[in-house]
Amino acid sequence: MKVLLINGSPNEKGCTYTALNEIAETLNKEEIETEIYYIGKDPIAPCRACHACRKLGRCVINDKVNDFVEYARDFDGYVIGSPVHYGSSCGGIVPFLDRVFYVDFMSGRYSFKYKPGTAIVSARRAGTTASIDQLNKYFQISQMPVISGRYWNMVHGNNPDEVRQDKEGMQNMRILGRNFAYHLKCKDAAQKAGITPPVQEETIYTNFIR
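Values in this document were obtained by computation on a predicted structure and should not be read as measured data. (Residues numbered from 1 in each chain as written. Predicted model: local features only at pLDDT ≥ 70, side-chain atom pairs only at ≥ 80, totals over all residues. Heavy atoms only, no water.)

Teacher, can you tell me more about the overall build of the protein chain here?
Looking only at helices and strands, the protein chain has seven helices and six strands in total. The linear arrangement of helices and strands in the protein chain, starting from the amino end, is β-α-β-α-α-β-β-α-β-α-β-α-α. At 17 Å, the protein chain has a C-alpha radius of gyration in line with the 17 Å of a compact globule built from 210 residues. Once the C-alpha set of the protein chain is aligned to its principal axes, its extents read approximately 50 × 45 × 35 Å. Among the 210 residues that make up the protein chain, the fraction classed as buried is 44%. Entry remark: accessible area of the protein chain is about 11700 Å², with carbon and sulfur atoms responsible for 50%. Taking the average location of the 26 positive side-chain charges in the protein chain and that of its 23 negative ones, the two points are 3 Å from each other. (Helix = DSSP H or I, 4+ residues; strand = E, 2+ residues; numbered from the N terminus. Rg over C-alpha atoms; globule rule 2.2 N^0.38 Å. Buried < 20%, exposed > 50% of the residue type's maximum accessible area, 1.4 Å probe, protein only. Areas by Shrake-Rupley, 256 points an atom, 1.4 Å probe, with all protein chains shown as cover. Lys, Arg positive; Asp, Glu negative; His and termini not counted. Charge placed at Lys NZ, Arg CZ, Asp CG, Glu CD.)

Structure follows, in structure tokens:
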């Protein structure tokens, strides 16, 4: 089993990485492989809502999103990390995830369905719970179990050293890692016991204009 941790911060080894690394080390102790994926600082274009991915099986914008969609499908779980910028998730991670999850759905891959996911954020002070809620929505619409810790999944600090001093926040990262490992092991045991995912109904789309 292996988990992909996505670092959405423009700083590769900053506060968000410090929290993600704590989770990764905890998962490793639970004998689960991990990889931290850094999305980088290059501009990521927003979704054009052109729906070309339905026909092409990929995004019409040829950048790292297409490569990531293919690469991520082989992992068993996902942790998304972002710093808080102006009270919400940072500017790079949102268009990246919009397109990743939309391409995966519209192309019919459904790579994330039933796999566990969780979001963590780092902040100097405020905006954490709103950012966590924003990121968790990608999981909730994709039929992914959302893994929780003992508190909301956040750390506070203005640099990595300050984040490490957030004892409660870092402890919760470890608790989150163990909870994540527990879910993966339970899922693996269920599959070995012949317990299969639920039967899917045909999708119904409804708007509210009569």
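I keep staring at helix H7 (residues 167-192) and nothing clicks. Help me out?
Side chains three or four residues apart in an α-helix point the same way, a direct result of the helix having 3.6 residues per turn. The terminal C-alpha atoms of H7 lie 38 Å apart, and with 26 residues this matches the ideal 38 Å at 1.5 Å per residue to within 8%. Within H7, the full set of buried residues consists of Gly-169, Met-170, Asn-172, Met-173, Ile-175, Leu-176, Gly-177, Phe-180, Ala-181 and Leu-184. Where H7 is buried, its residues touch strand E1 (2-7), helix H1 (15-29), strand E3 (77-85), strand E5 (117-123), strand E6 (154-156) and helix H6 (160-165). The positive-phi residue at the C-terminal boundary of H7 is Gly-194, with phi of around 85°. (Expected span 1.5 Å × (residues − 1). Contact = heavy atoms within 4.5 Å.)

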